[in-house]
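# Chains, contacts and geometry: an overview
For reference, the chains in residue letters:
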Amino acid sequence: MYQTDYKTKIEEIRNNEYEFCKNNKEYFIGNYVHIEDVDNKDNILQLFKMWDSQKEVLKSIDKNRLNIILKARQLGVTWLVLAYSCFLLLFNVGYLIIALSKTEEDAKELIRRLSVMFSNMKMFIREDTRENENWSGLKYKTTALSIEIIHKGKSSVFKAFSSSKSAGRSFTANLLILDEWAFQQFAKEIWLSAYPTINRPTGGKVIGLSTIERGTLFEELYVEENNFNKIFMPWNSDPRRTKEWYEKTKQDLGDMITQEYPLTVEEALTIPGGSYFPEYKQVIHNTDEDINKQDYEIYYSLDYGLDMLAVLGFGINSKGKIKVFDEIHESGLIASEAAKLCFQRGIRVAYAPPDLWDTNRHTGKSTAEIFGENGVSLIKVNNSKEQGCLLIKEYLKVNDEKDEQTGEIYQSSQLQIVNGRCPNLEKSLKKIQKDKNKPNIYANEPHILTHIIDALRYFASGRTMPKDSTKQKQDIYKDFFGEEEGIEWIDY
């Protein structure tokens, strides 16, 4: 009798505590969720006593449907998101969480951490084993890439996947977690495939977290205007990190510290080692004034591959001032389709890199030949990256000029971009980094940024071609337009 009363009393306490925790997330995490603290040499397993900054993040992600977290390194955010997942799985029947990681090993690590939490929560849940067959509370099962909470009615499940183009496509999830989102391969394809699984009028939540990586979907979603709840966690979110700690870390990391341990969003978005084009300033290099084609010589340059057709249109006036007024930035086009698109935009001649003259072993034709057959003649330019980079910098160099009417001094440059016409050029000029090993050229990654800059470089290289190449350009135009057009070439 006494034993029966004791069991009944324990069951009553457990049920009461379960109901209290159900409505008190912070209490539940602080009293029942264990995490691993590798700095604690005496006992690596510790109750998750959240810092104030972590509590604020918890409240924020719980309140909002779409969440994106930009953070400094080692702030326990993954542990926090898993603790939140633990709560959702424990107190919701039929709940599905999909977590996407960089690699399968990273995905398995998420399951391992979640298992640590449940295995140390014996008040509410125990593993579904023969040893616990008489346990009347909740049970859980694990595999390498999933963990299932067995409720009396219907199970709740956490599934982890490595990043792939179709990851998570076939599941209708309640919560989608994107861990180290900026470093996931196929990030855009994953987002397009996974987002519909949570995009329901009645529910569905996203938590994307990462340190920064420039030129990624994560950065794009964080900085651009959209429906995401944007959370930033600076290096001092950990109250144990002092100014002295930061200064020592800075000595070790140098310029890289702003990427790994930013204090502000601006610092996080600062390119380690510096932008390759710090000269570019929107207020100086952009203009609302469009070109009048009667007053400008028109040139085009392009970079082509199946992954991207990048084209720029330039107007040069009698003073040598250059305005970039047109842009094509489109992927997935075969050469004939790319050429036809250019032709439809009025492009008849364009500067292009020498690799487009390489013969394709399957067709027996070069890309330049295919463009020519579709009405667009290409002019081969010098592909020296270092030389082309220096020429672009010359175009972007800021000079003091005097207004002819007022006499006032203002800042200007040889090259300007017509506002609203070339968004990808503007974006790439802002974001492209120095090559880590060759500071005289820009980095080749993220590759999405380089196509349009390459097109700009081919124009710069084409404009410095030897004088005898002018005849080649004249002859090409005469083939299309004839002598009566009166094409006059001016090299500056």
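Another aspect to go through is the pattern of salt bridges. Any two side chains of opposite charge can pair, on the condition that their charged atoms come close. The tally for this structure, following the rule as stated, stands at 25 salt bridges. Between Arg-73 and Glu-260 there is a salt bridge whose closest N-O contact spans 2.8 Å. Within this pair, whereas Arg-73 is found in the loop between strand E3 (66–71) and helix H4 (77–91), its partner Glu-260 is found in helix H9 (residues 257–260), the two being separated by 187 residues in sequence. Judged by relative accessible area, Arg-73 falls into the partly exposed class, the value being 33%.

This part covers the nonpolar core. By size, the foremost hydrophobic cluster in this structure holds 57 residues, and its most contacted members are Phe-28, Leu-90, Phe-118, Met-121 and Phe-158. Ranked by the residues each element gives to this core, the list is headed by H4, at 13 residues. If near-sequence neighbours (up to four positions away) are discounted, Phe-158 is found in contact with Leu-82, Ser-85, Leu-89, Ile-97, Ala-99, Ile-111, Leu-114, Leu-145, Ser-146, Ile-147 and Ile-177. Membership of the second largest hydrophobic core comes to 36 residues, among which are Ile-322, Ile-379, Cys-389 and Tyr-442.

The subject of this paragraph is the sheet that holds E3. Hydrogen bonds between backbone atoms are what pair the strands of a sheet, whose relative direction is either parallel or antiparallel. In space, the nine strands of this open sheet follow the order E5-E6-E7-E8-E4-E9-E10-E3-E11, with mixed pairing throughout. Every other strand in the sheet has two partners, leaving strand E5 (125–127) and strand E11 (229–233) as the edge strands with one partner each. Across the sheet, the axes of successive neighbouring strands diverge by a mean angle of 15°, strand direction being ignored. In the sheet, strand E4 (residues 96–101) pairs with strand E9 (residues 175–179) via four bridges, with the strands oriented parallel. Looking at the pairing, Leu-100 lines up with Leu-178 of E9. This element, helix H3 (residues 52–63), spans E3, strand E10 (205–210) and E11 of the sheet and lies at about 170° to E11.

Attention now goes to the packing of helix H2 (residues 25–32) against H3. Viewed as axis vectors pointing N to C, H2 and H3 meet at an angle of 130°, and their least axial separation amounts to 11 Å. With respect to each other, H2 and H3 are oriented oblique. You can see that H2 and H3 cross each other, and the crossing is right-handed. Contacts from Lys-25, Glu-26 and Ile-29 of H2 reach H3 at Lys-55, Leu-58, Lys-59 and Asp-62. Looking at the contact of H2 with H3 residue by residue, the classes come out as two nonpolar, no polar and five charged.

Approximately 1,000 Å³ is the volume found for the largest pocket. Together, 36 residues line the largest pocket, and Gln-74, Leu-75, Gly-76, Trp-79 and Arg-113 are the ones closest to its centre. Looking at which element gives the most residues to the lining of the largest pocket, the answer is helix H5 (residues 104–119), with four residues. Of the pockets and cavities examined, the second largest pocket occupies roughly 720 Å³. What lines the second largest pocket is a set of 26 residues, and nearest its centre among them are Ala-187, Lys-188, Gly-215, Pro-446 and Ile-448.

On to empty space enclosed by the protein, then. In this structure the tally under the stated criterion is two cavities of 30 Å³ or more. Estimates place the volume of the second largest cavity at around 30 Å³. For the second largest cavity, the full set of lining residues is Thr-78, Val-81, Leu-82, Leu-110, Ile-177 and Asp-179. Among the elements of the structure, H4 and E9 are those that each provide at least two residues to the lining of the second largest cavity. Broken down by element, the residue count for the lining of the second largest cavity peaks at three residues, all from H4.

To continue, consider the side chain of Asn-229. Looking at the element boundaries, Asn-229 is found in strand E11. According to the relative accessible area criterion, Asn-229 is buried, its value standing at 17%. Each residue touching Asn-229, except ones within four places of it in the same chain, is listed here: Ser-60, Asn-64, Leu-66, Asn-67 and Ile-68.

Reading the values: rules and limits
- Residues numbered from 1 in each chain as written.
- Predicted model: local features only at pLDDT ≥ 70, side-chain atom pairs only at ≥ 80, totals over all residues.
- Heavy atoms only, no water.
- Salt bridge = Lys/Arg side-chain N within 4 Å of Asp/Glu carboxyl O.
- Helix = DSSP H or I, 4+ residues; strand = E, 2+ residues; numbered from the N terminus.
- Buried < 20%, exposed > 50% of the residue type's maximum accessible area, 1.4 Å probe, protein only.
- Core = buried A, V, L, I, M, F, W, Y, C linked by side-chain atoms within 4.5 Å.
- Contact = heavy atoms within 4.5 Å.
- Pairing = 2+ DSSP bridges.
- Axes fitted to C-alpha atoms, helices over the stretch in contact; angles between N-to-C directions.
- Parallel < 35°, antiparallel > 145°, perpendicular 65-115°, else oblique.
- Left-handed = near helix turned anticlockwise from the far one by under 90°.
- Nonpolar A, V, L, I, M, F, W, Y, C, P; charged D, E, K, R; others polar.
- 1 Å grid on protein atoms, 1.4 Å probe; cavity = no way out; pocket = protein on both sides within 12 Å on 5 of 7 lines; lining within 4 Å.
- Points joined across faces, edges and corners; volume = space filled by probe spheres on them.

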